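Coordinate inspection notes
Chain residues, written in single-letter form:
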Amino acid sequence: MTENIAAGSPASEAPSPLVDGYVGDPAVRAEWDDRYADRQQLWSGRPNGALVEEVAGLTPGRVLDVGCGEGADAVWLAHRGWDVTALEVSGVALERAVGHARDAGVAVRWVHATLTDAALPPASFDLVSAQYPALLRTPDAAAERALIEAVAVGGVLLLVHHAGMDTRQPDESGFDPADYVWPSMVTALLGDDWVVETDEQRARVAPDGGAGAHHTDDLVLRARRLR
């Protein structure tokens, strides 16, 4: 999730995601494990505002939560009848997410992997939600294509990011926007099989507390796969 910055069994039955193993670049996992381990709780514990707004009119089905973090969005979606698969690179975050889902009494399938290494079933999710994801950019646009290819016919891709992050200059922290995938890159790959329903900048409805609360505006891309 930039500076915040990006399948197992149901949570009620699953062992720790760490037991199931991680699929992806170990350096990416280590980076995010360090960020989560640095705080007892990194995010607010409440669902992202753009997700709540955009999902309100959708019929629950199968959803992929990309970069689920500590699980707030996944738990919220499961409570509303969605069949949730939640993907995350950080084992530290997934441990917390599993606990939150268990405490909430909801079932979630956990995937401990990067998006491009997860081997998700293609065209099988009615909603693919990526809220402020830290998806690394590659010459073959692997992450962008993985998002697009996961959406079922008739399904929705919802990608939300912080406005202005894509145009920032590289800084001393090591953040360089050129390293990451932004909504415009995904939009550019959507062909005639898609209709863009929303592509705009809007004021952010931010949960109180948690990293990234200082961001005030979102870029929201919502597109539906027609065929």
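As a reminder, the structure under discussion sits directly above these lines.
Anyway, here's the lowdown on the structure attached to this text. (Residues numbered from 1 in each chain as written. Predicted model: local features only at pLDDT ≥ 70, side-chain atom pairs only at ≥ 80, totals over all residues. Heavy atoms only, no water.)

Some thoughts on the pairing of strand E7 (residues 217-225)
Threshold: Any residue under 20% of the maximum accessible area for its type is buried, any over 50% is exposed, and the rest in between are partly exposed; the area is computed with a 1.4 Å probe on protein chains only. Under the DSSP-based scheme used, a helix requires at least four consecutive residues in state H or I and a strand at least two consecutive residues in state E, with every element numbered from the N terminus. Strands are treated as partners if at least two bridges between them are detected by DSSP.
A large share of E7 lies buried, amounting to 7 of its 9 residues. Pairing of strand E5 (residues 151-162) with E7 involves 7 bridges; the strand directions are antiparallel. Across the sheet, residue Leu-158 finds its bridge partner in E7, namely Arg-222. Here 9 bridges tie strand E6 (residues 194-203) to E7, and the two strands are oriented antiparallel to one another. Along E7, the bridge assignment pairs Gln-201 with Leu-219.

Points about the environment of Val-160
Test applied: What makes two residues a contact is simply this: any of their non-hydrogen atoms within 4.5 Å.
Mapped onto the elements, Val-160 comes out in strand E5. Each C-alpha atom, one on Val-160 and one on Leu-51, is 8.3 Å from the other, the two residues being 109 residues apart in sequence. Those residues in contact with Val-160 that lie beyond four places of it in its chain are Ala-50, Ala-130, Gln-131, Tyr-132, Pro-133, Asp-218, Leu-219 and Val-220.

With respect to the nonpolar core
Selection criterion: We define a nonpolar core as any set of buried Ala, Val, Leu, Ile, Met, Phe, Trp, Tyr and Cys residues linked to one another through side-chain atoms lying within 4.5 Å.
Counting 27 residues, the largest nonpolar core has Val-55, Leu-77, Trp-82, Val-84, Val-108, Trp-110 and Leu-127 as the members making the most contacts within it. Where this core is concerned, the elements lending two or more residues are helix H3 (49-55), helix H4 (72-79), strand E2 (83-88), helix H5 (91-104), strand E3 (108-112) and E5. Looking at which element gives the most residues to this core, the answer is H4, with 5 residues. Ignoring anything within four residues of it in the chain, the contact list for Leu-77 reads Leu-51, Val-55, Val-63, Trp-82 and Val-84. Ranked by size, the runner-up nonpolar core spans 26 residues in total, among them Leu-64, Leu-87, Leu-120 and Ala-146.

Considering the packing of aromatic side chains
In plain terms, the rule: Whether two aromatic rings pair depends on their centres lying within 6.5 Å, for rings of Phe, Tyr and Trp, where Trp uses its six-membered ring; planes under 30 degrees apart make the pair stacked, over 60 edge-to-face, and the rest tilted. Here, a charge over a ring means that NZ of Lys or CZ of Arg falls within 6 Å of the ring centre while also lying within 35 degrees of the ring normal.
Overall, the coordinates contain 1 aromatic pair when judged by the stated rule. Across the ring face of Trp-32, the terminal group of Arg-35 is positioned such that the distance to the ring centre comes to 4.4 Å. The ring of Phe-125 carries the charged tip of Arg-62 above its face, separated from the ring centre by 4.9 Å.

Treat this as a map of the structure, not an account of what it does.
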